[in-house]
Amino acid sequence: MSLDEDARWLEWVTKQFETIAGDDKEIDLDEFKTALKVKESFFAERFFALFDSDGSSSISLDELLKALDLLIHGSETDKLKFLFQVYDVDGSGSIDPDELRTVLKSCLRESAISLPEEKLDDLTLALFESADKDNSGAITFEELKAELETFPEVMENLTISAANWLKPPDLDQKKRQTPRYLTRAYWHNNSRKLLFLCVYACFSLLLFVGAMLQHSHGGAWYMVAKGCGQCLNFNCTFVMVLMLRRCLTWLRATWVVRVLPLDQNILLHQIVGYAILCYTLVHTTAHVFNFVQLSESSEYSLWEYLLTTRPGIGWVKGTASVTGVILQVVICLMVLCSSTFVRRSGHFEVFYWSHLSYVWVWSLLMVHCANFWKWFVVPGLLFLLEKIVGIAVSHMGGLYIVEVNLLPSKVTHLVIKRPQFFHFKPGDYVYINIPVIAKYEWHPFTISSAPEQSDALWLHIRSMGQWTNRLYEYFRQPESQVVSPKRLATSLRNRRQLKAQEELFSSTDCNRAVASNEDDAIELTMYRLNGSRSGVAPVSVCGAQRPVEPLTDELGPAERGEAPPLREVRTWCGRQYISCGSGVLPLLSFTLQISAKFGENHRFCNIKCYVDGPYGTPTRQIFASEHAVLIGAGIGITPFASILQSIMYRYRRRKQNCPNCNYSWCENIKDSDMKLRKVDFIWINRDQKSFEWFVSLLTKLEMDQADEEPEGRFLEMHMYMTSALSKNDMKAIGLQMALDLLAKKEKRDSITGLRTRTQPGRPEWGKVFQKVSEEKKGKVHVFYCGSPALAKVIKAQCEHFGFNFYKENF
C-alpha cells in the first residue's frame, strides 16, 4: 500500500469514527453493533472484545485503527489468528466441539439459514473431525490453519464484509471508462434493435418533413403542428401493432424472428409510447402559439380557439381543439400510470385500468383528425380480430382451478385442468381471469408446467400487488369460508385418495422408497432394489395417485409443496419408517401427520377461470441453441420450470440403458427437435425458504440425468443464496467449510437437499461466464427472467463474452 493510499485510508477511517463515536470520542458496544450492521450479537460481542485491547468496554480511535489495519491490510496468518480468537470463546488456546457448535449456530443466524438441531450437530462434527488431525478432542491454531489451507477460495480475501464501510471509495472506479453503448460488442449484440430504431427514426423524420412541406403556407408553428400530427397518425397505430401478441407469437416461428427484434416488442412499445407523448406536447404547444397569432387578427380569443367549437376548426363540427385538449390530458395520464414506479409498487391495477383508455384515444383521434382512419383501418382490424379470437379461445370449454398450493414467500400455485385444444411451448405465458377474485381483470403469468404434461397447467403467482394479494388471501382463509360449487365431490375425492395411499403403503414390503426433500409434502417414488426406476406410480402424500409409465414426464402434486428435512427411509421387518427431525416414525403415521399439516396450505377446489393465450416469449429460442444458460432470480424461475421439464423429457428420449449392468448414458445427437448439448441453470434466491418452491422438481431433474455421459453432465445446476455471507467472510467461513464437508460426505446440500451445493452470496458473473466460454459447447444463449437491475448487469457481461442475451418480458 503506497503512502498516498495509506494517508487516504487513515483520513477516511478517522472521519467514519467521528461520525459514529459522537462527543465522547469512544465507541461502545451498542454503537459498534449499529455501525458494523451485524445481525447476530455473538459476533458483535466477540469482535468488540478483540478490538477493545485495554478492556475498557469502549473502543478508541487507536484501537480501531490497529484492529482494522490487521483485518484489511494484515497477512493471512494475522487474520487467521484473529479468526481463531473469535472461535476460541473461553480463551483456552484451543477450540472444543461445544465452542465450535456455538459459533456455527451464530453463523447460521448471521446468514439467515434455518437448519434443525441434529443437522447443526452433523455440521459441527463434520468440521471438527476434519480439523482435529491428532484426535485430541480440541482444535489448535495450527490445525485450523491447515484445515483452512484446503479451501484456497476462502483464503483469497479473508475479511469482515461488514467492515467495508471503513474502506475508502476505490479511485479506480471513478476513472472514466468507455460508455457501454459505444462499444463494438454492444452494437454487434443489439444490431437488430438498433437497425429497427434507425429505420423507425428515419421514417418518422420523413413523415415530419413531408407534412411540414405540404402545409408550408400556414406559417412555422402551423407547419410544426402538422408535422407532429402526421407522426402521431403513424405512432398511434404502430404502438398497437407492437402489442398484437398472437401475430408476434406466430411470427416467432418464422424467419422474421432473425430480422426483426420481436423479443423486444415491449421495449419498442414503451419507446413509441414516449414518442407519442413528446409529439403530443410539441403538437399542442405549436397549435397554442399558432392560435395566439390567429387571435390577434381575428374575432375569436385564444380561449375560444382552444376550448370551444366556434372557430369551426376540425372536420366534425369544429371539435378539433376540444378533442385535442382531451387527448392531451388522457395521453399524459396513460404515460404517467404506465411508469415503472406505478407498475412495480403494487399498483398494477392503476396501470391496467388507465391503459384501457386506449379505446377512447382512438375514438377521439377519429374525430380529431380527418386522415387518422386511413392509418388505423388495417391495424385496427387485426387488433379487433385478435380480441375476438382471444375472447372465443378464453371462453371455449370449461376451465377450472382444481388444486391450489400456498408456498413460502406468499406464492400461490394454481393447478388448472388443461383443455385438449390448448397447445403451448415451454416458457409461454397466458392471461388469466378469475371472476371470484376480480370479474374484469386479466393478468399475465408464465406457465410453469411442461407442454408434455397433458392434464394440467401450472401457474406460480407471487403476491406483489392488489390482485395477487387478494388471490393469496382468498385461498388462505379456512376452506369452510370458501364457497365451493362441488363441495361433496371434492370431499369424496379426498377420502378416496387417502384410502388409496393407505393401500399402497401397506403393499410396499418388497421395494424401498426414496423421499424427495420438501417441507409440507413428501413424494415417494418406488425403486427396485437394483436401483433402476420401477413402473410403480409416484404417490403423493397430499395429491392424487396416478398410474405413470417409467419414463413419464409428469410430476406428482408433491412437487408443489414443502417438506421437513428427511434423513432417510428405512425398512425393518417388512415395514417402512422415516427418520426425520422428530425421530423415527412409521411411514404411514408420518404420512398422516404431514397430510394434516399440508392441508392448511393445500386444497382441492373447482373454481371457474378464463385463460387467454398462450403467447410466445424469447425462451422459444432455447431449443435452437447449443449451449443454453438459464438464469432465474426469485420467482423468475417459473418459465424455466417449464423449460427444464420439457428439456429433460426430450433428454430422456435420448437416454440409453444397458440391460445387463444398469449403466446409463445419453447419446449426443443433434436433431431438429433439440440441438442442445449443454444446459446451465442458475437460480438466485434471497432466502432459504424460496428454494422450496421448486426443490422437488429440481431433485427429480437431478435424478433423471444419466450416470455417465460422453461429454460431461447435460444439465448443471447452480444455486445462490444472497442472504448468506460469502465464504471469505470471517462470520461465515466456519459454516461454509462445514457445509462443504458435509455435502461431500452425504452427497447432498444441507440447505436444499439437492446434490448441487448452494453457494453463498451473489454470482461473480465474470467468472461464471468465463467458465461457460471455456466449455466450448457451441454458441451460447443466455435466457434471463428476474429484476431489471440484474438484467443490465448480465446483459453487459453477455456483450463482453459475445453471448446472445434474451430477457423475459410481459
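Note that the structure is predicted; figures quoted are calculated from it, not measured.

Chemist: So what exactly am I meant to see when it comes to the sheet that holds strand β18 (residues 758-760) here?
Modeler: Within a sheet, neighbouring strands are paired by backbone hydrogen bonds and run either parallel or antiparallel to one another. One open sheet accounts for 6 strands, arranged β18-β17-β16-β13-β19-β20; its pairing is parallel. Both edges of this open sheet fall to β18 and β20 (804-807), since each of them pairs with a single strand only. Averaged over all pairs of adjacent strands, the angle between strand axes in this sheet comes to 20°, irrespective of strand direction. Sheet contacts for helix α28 (residues 788-801): β13 (627-633), β16 (678-685), β19 (780-785) and β20; angle to β20, the most-contacted strand, approximately 165°.

Chemist: Teacher, can you tell me more about the side chain of S449 here?
Modeler: Residue position: S449 is located in the loop between β4 (443-446) and β5 (456-462). Look at S449 and you get buried, because its relative accessible area is 0%. Beyond its immediate sequence surroundings of up to four residues, S449 is in contact with F424, A456, L457, W458, S642 and Q645.

Chemist: Even after reading the chapter, I still don't get the environment of R476, so can you show me in this structure?
Modeler: Topologically, R476 is positioned in helix α21 (residues 466-476). We classify R476 as partly exposed; its relative accessible area is 49%. Each C-alpha atom, one on R476 and one on K410, is 9.9 Å from the other, the two residues being 66 residues apart in sequence. A distance of 3.0 Å separates the side chain of R476 from the side chain of E473, its partner in a polar contact.

Chemist: Even after reading the chapter, I still don't get the pattern of salt bridges, so can you show me in this structure?
Modeler: Working definition: two side chains of opposite charge can pair if their charged atoms are close together. Here the structure, examined in full by the defined rule, presents 17 salt bridges. Here E716 makes a salt bridge to K678, at a shortest N to O gap of 3.5 Å. One end of the pair, E716, is in strand β17 (residues 715-721); the other, K678, is in strand β16, with 38 residues separating them in the sequence. Accessibility expressed as a relative area gives 22% for E716, which makes it partly exposed. Measuring nitrogen to oxygen at the nearest pair gives 3.9 Å for the salt bridge that ties R757 to D749. Here R757 falls in the buried class, since its relative accessible area comes to 12%. Each of K678, D680, E716, K771 and E775 takes part in a single network of salt bridges with overlapping partners.

Chemist: Whenever I open this one, helix α26 (residues 733-746) confuses me. Can you help?
Modeler: Counting along an α-helix, one turn takes 3.6 residues, and residues three or four places apart therefore face a common direction. For α26, spanning 14 residues, the distance from its first C-alpha to its last is 20 Å, which sits close to the expected 20 Å at 1.5 Å a residue. Most of α26 is tucked away: 11 of the 14 residues are buried. Taken as a whole, α26 has its buried residues at I733, G734, L735, Q736, M737, A738, L739, D740, L741, L742 and A743. K747, located one to two residues past α26, shows a positive phi value of around 60°.

Definitions and limits used
Residues numbered from 1 in each chain as written. Predicted model: local features only at pLDDT ≥ 70, side-chain atom pairs only at ≥ 80, totals over all residues. Heavy atoms only, no water. Pairing = 2+ DSSP bridges. Helix = DSSP H or I, 4+ residues; strand = E, 2+ residues; numbered from the N terminus. Axes fitted to C-alpha atoms, helices over the stretch in contact; angles between N-to-C directions. Contact = heavy atoms within 4.5 Å. Buried < 20%, exposed > 50% of the residue type's maximum accessible area, 1.4 Å probe, protein only. Polar contact = N/O pair within 3.5 Å; in protein donor to acceptor, adjacent residues only side chain to side chain. Salt bridge = Lys/Arg side-chain N within 4 Å of Asp/Glu carboxyl O. Expected span 1.5 Å × (residues − 1).

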